[in-house]
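Secondary and tertiary structure notes
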Amino acid sequence: MDIPSFTGLGLSSKVEDAVTASGYTTPTPIQAQAIPVAVTGLDVLGIAQTGTGKTASFTLPMITRLETGRARARMPRSLILAPTRELAAQVAQAFEKYGANHRLNVALLIGGVSFDEQEKKLDRGADVLIATPGRLLDHFQRGKLLLTGVEILVIDEADRMLDMGFIPDIEKICSLLPPRRQTLFFSATMPPEIQRLVDTFLKNPVKIEVAKPATTAKTIEQTFCFCGEGEDWEKRELLRELIRAHNVKNAIIFCNRKRDVSILFKSLTKHGFNAGALHGDMDQTSRMDTLEKFRSGEITFLAASDVAARGLDIPDVSHVFNFDVPWASDDYVHRIGRTGRAGREGCAATLVTIDELKIIKEIEGINGEALNWQGDAPTEQDFEEAGKKKRRRRGAKGQSDSSRPSRGTSRGGSNRSRQRRQSENDNEQPITVDDAERHAKPARAASKRPKRNAADAEFPSGGFSPDAIPAFLQRPVRRPKPPAKRAKVVNE
Ligand code: AMP
């Protein structure tokens, strides 16, 4: 059987050399299928998740195609739209790597940094313009940019753009581009809004689907720890135990709210863990700085909001912890996809409280197999109680449960609920861990906590071996109290 290689895909020899220098010998499935199409100038619809090697599947043919021709001032020859600044910066890095044998001018237009430098780059003429939609339109409106020379358009992570409310911006940008161009379009999922974009802006695209959308990689070992009615301080304690019990080289720890990212970061630091924080309220320089420190190993633990869930390529993350179960099951897929990248093995552990059991059912559905619970698994009664609690909350608050953002559909609710969720988060002021600990009940006395036993010491693997359940996971789960006695109600 032929072993697939990068030769014969239609890439130029200079690009092939750069790939060889990167150490890659075998194209990933998306690369093997998309590159031969993209080099010919046809449109591509790639349904692929991050971690599949999709960045190279569009950068390599683009560099090949851009070998001929020159950029003119303020008229970029190609445009790549990415949903987040980090993703855009990552794509720029890919051009540096794969374009090492070329002299391409690459301009990165992202928010949070000054316009001046970006304008200078545009003036010099960009072969490749990588941008987030908002900043691109800002430059356009300032009259610094003409998009009529764009020969190749890439839209990366389109479903993420949808989640972030960027679709009107994308439509506006597409209307500024020449109709005769190549479009390479990537999305992990294909909801109807995305299909509509494809139908409007692509011409007879070749559809390439490499992995079923919203499925978790088989190389990731997933475990779940049921915390019953656990308070946040108890979850922080459990997290520390989990980290200590496993051979965690480095980890991203996801929280649902920015406020909790700040609390967790401070708590981890206070307990001697080498940690950093990443969330959307931080300015761009600190975000990039923290990410770089995490990449280089200067920081071992990254407490993060979902801003870090998609697309970030941090090779070799040994563990992902979900301090909270994400509000939508596809966010779970993206979060745990930060580990086990490019065929490596990874571990993901999720702390689950009783309120989060509904979404757990959806995650089980995605995985297509029973979840691996460490310690006490939730019972049918717990699932029933979770449903009842939700109904009680609804009853108490009228029609809708406005205390929590919508967890509704498997896509995480409507765009509007996503945006509402975002703005709810934006309003949250970070509070200090001291505040949090003050409000919390005193931590369980160390003496009451089961001591770690010898089995724990022999738990060096990166994974979560079911044969060696640490003692702390054998603790009794605190479950809801039974409803108040009838007699009392009668007395009232
Ligand atoms: P992406 O899906 O583009 O974010 O890529 C995921 C990871 O796979 C990145 O670390 C890439 O550097 C790596 N990668 C891309 N192509 C290959 C390949 N052909 N062989 C091995 N690793 C690759």
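The notes below deal with the structure included here. A quick note: this is a predicted structure, and the numbers were derived from the prediction, not measured. In this numbering scheme, every chain counts its residues from 1 along its sequence in written order. Two thresholds apply to this predicted model, a pLDDT of at least 70 for residue-level local features and 80 or more for giving and counting side-chain atom pairs, whereas whole-chain, interface and lining totals are computed over all residues. Note that the side-chain values use all heavy atoms of the structure and ignore hydrogens as well as water.

**Some details on the overall build of the protein**
- From N to C terminus, the protein includes 19 helices and 14 strands.
- Each residue gets one of three labels from its accessible area relative to the maximum for its type: buried under 20%, exposed over 50%, partly exposed in between, using a 1.4 Å probe on protein chains only. Counting only residues that meet the buried cut, the protein has 53% of its 492 residues in that class.
- A fraction of 77% describes how many contacts in the protein between residues 6 or more apart in sequence connect residues 24 or more apart.
- Here the accessible surface of atoms and residues is derived via Shrake-Rupley with a 1.4 Å probe, and residues count as covered only by protein chains that are part of the display. Accessible surface, the protein as shown: approximately 22,300 Å² in total, 51% of it carbon and sulfur. Every helix listed is a DSSP run of H or I at least four residues long, and every strand listed is a run of E at least two residues long, numbered separately from the N terminus. Pairs of residues are marked as contacts when any of their non-hydrogen atoms sit within 4.5 Å.

**So, helix H6 (residues 133-141)**
- Residues Pro133, Arg135, Leu136, Leu137 and His139 constitute the buried set of H6.
- If you follow the buried residues of H6, they end up packed against strand S2 (78-81), strand S3 (106-109), helix H5 (115-124), strand S4 (128-131), helix H7 (158-163) and helix H8 (167-175).

**As for the site of the ligand**
- Neighbouring residues are identified by heavy atoms, a residue being near a molecule or strand if any of them is within 4 Å of it. Close to the ligand lie 16 residues; Tyr24, Gln31, Gly51, Gly53 and Thr55 are nearest.
- A 3.5 Å cut-off defines polar contacts: any pair of N or O atoms within that distance qualifies, except that in protein one atom must be a possible hydrogen donor and the other a possible acceptor, and neighbouring residues in sequence count only when both atoms are side-chain atoms. Between an oxygen atom of the ligand and a side-chain N or O atom of tyrosine 24, the distance comes to 2.4 Å.
- Separating an oxygen atom of the ligand from a backbone N or O atom of glycine 53 is a distance of 2.8 Å.
- Summarising the interface, the protein chains cover 84% of the accessible area of the ligand, which totals 490 Å² for the free molecule.
- Side-chain classes are defined by residue name, with Ala, Val, Leu, Ile, Met, Phe, Trp, Tyr, Cys and Pro counting as nonpolar, Asp, Glu, Lys and Arg as charged, and the others, Gly among them, as polar. Its residues placed into classes, the shell around the ligand shows 4 nonpolar, 8 polar and 4 charged.
- Counting only domains with at least three residues in the shell around the ligand, you end up with domain 1 (6-209) and domain 2 (220-439). An automatic or database domain assignment provides the domain bounds reported here.

**Quick notes on the pairing of S2**
- On S2, burial covers both faces: Ser78 and Ile80 on one face and Leu79 and Leu81 on the other are all buried.
- Pairing between strands is defined by DSSP: at least two bridges between the two strands are required. Relative to strand S5 (residues 152-155), S2 is paired through 4 bridges, and the arrangement is parallel. Across the sheet, residue leucine 81 finds its bridge partner in S5, namely isoleucine 155.
- The pairing of S2 with S4 spans 3 bridges and is classified as parallel. Bridge pairing in S4 places isoleucine 80 opposite isoleucine 130.

**Observations concerning the environment of proline 326**
- With respect to the helices and strands, the residue proline 326 is situated in the loop between strand S12 (319-322) and helix H13 (329-336).
- In this structure proline 326 touches Asn256, Asp331, Tyr332, Arg335 and Ile359, once residues within four positions along its chain are discounted.

**A short note on the packing of aromatic side chains**
- Between the rings of Phe, Tyr and Trp (Trp by its six-membered ring), a pair exists once the centres lie within 6.5 Å; its type follows the angle of the planes, with under 30 degrees stacked, over 60 edge-to-face, and the other angles tilted. The full count for this structure, using the stated rule, is 5 aromatic pairs.
- Both rings, one in phenylalanine 58 and one in phenylalanine 186, keep their centres 5.4 Å apart while their planes meet at 40°; by these two values the pair is tilted. Of this pair, phenylalanine 58 sits in helix H3 (residues 54-65) while phenylalanine 186 is found in strand S6 (residues 182-187), placing the two residues 128 residues apart along the sequence.
- You can call phenylalanine 58 buried: its relative accessible area is 0%.
- Taken together, Phe224, Phe226, Tyr332 and Trp373 form an aromatic cluster joined through their ring pairs.

**Describing the packing of helix H2 (residues 29-38) against H3**
- Packing of H2 against H3 leaves a shortest axis separation of 9 Å and a crossing angle of 25°. It follows that H2 is roughly parallel to H3 by the angle criterion. The two elements H2 and H3 cross, and the hand of that crossing is right-handed. Contacts from Ile30, Gln31, Ala34, Ile35 and Ala38 in H2 reach Lys54, Ala56, Ser57, Leu60, Pro61 and Arg65 in H3. Where helices are involved, their axes are fitted lines through C-alpha atoms of the stretch in contact, as for all axes, and angles between N-to-C directions lie from 0 to 180°. Every angle not falling under 35 degrees, over 145, or within 65 to 115 is termed oblique; those three ranges are roughly parallel, roughly antiparallel and roughly perpendicular. Crossing handedness is defined as follows: a turn of the near helix away from the far one that is anticlockwise and smaller than a right angle gives a left-handed crossing, while the clockwise case is right-handed.

**Examining unusual backbone geometry**
- Phi at arginine 74 takes a positive value of approximately 60°, unusual for a residue other than glycine.
- Along the polypeptide, arginine 74 turns up in the loop between H3 and S2.
- On the accessibility criterion, arginine 74 (39% relative accessible area) is partly exposed.
- With phi around 55°, glutamate 157 is a residue other than glycine that occupies positive phi space.
- Looking at where glutamate 157 falls in the secondary structure, it is placed in the loop between S5 and H7.
- Judged by its relative accessible area of 5%, glutamate 157 is buried.

**Quick look at the sheet that holds strand S11 (residues 301-304)**
- Spatially, 7 strands are ordered S10-S11-S9-S12-S13-S8-S14 in an open sheet, and the strand pairing comes out parallel. Lying at the two open borders of the sheet, with one neighbouring strand each, are strand S10 (275-278) and strand S14 (373-374).
- Of the pairings in the sheet, the one linking strand S8 (residues 220-226) to S14 comprises 2 bridges and is parallel in character. Bridge pairing in S14 places cysteine 225 opposite glutamine 374.
- Sheet strands touched by helix H12 (residues 284-296): strand S9 (251-254), S10 and S11. Its angle to S10, the strand with the most contacts, is close to 140°.
- Sitting on the sheet, helix H14 (residues 357-367) is in contact with S8, strand S13 (346-352) and S14, with an inclination near 155° to S8.

**What about the sheet that holds S6?**
- Ordered in space as S3-S4-S2-S5-S6-S1-S7, the 7 strands form an open sheet in which the pairing is parallel. Both edges of this open sheet fall to S3 and strand S7 (206-209), since each of them pairs with a single strand only. Ignoring strand direction, the axes of neighbouring strands in this sheet form an average angle of 15°.
- Sheet topology places strand S1 (residues 44-47) next to S6; 4 bridges connect them, and they run parallel. Within S6, the position partnered with isoleucine 47 by the bridge is serine 187.

**What to know about the nonpolar core**
- Formed by 37 residues in total, the largest nonpolar core has its most connected members in Leu60, Ile80 and Leu184.
- Those elements that provide at least two residues to this core are helix H1 (13-22), H2, H3, helix H4 (85-98), S4, S5 and S6.
- Counting residues per element, this core draws most heavily on H4, which supplies 7 residues.
- Not counting residues within four places of it along the chain, the set of residues in contact with leucine 60 comprises Phe6, Leu11, Val15, Val19, Ile35 and Tyr98.
- Membership of the second largest hydrophobic core comes to 33 residues, among which are Leu109, Leu129, Ile194 and Leu202. Buried Ala, Val, Leu, Ile, Met, Phe, Trp, Tyr and Cys residues form a nonpolar core when they are joined through side-chain atoms within 4.5 Å.

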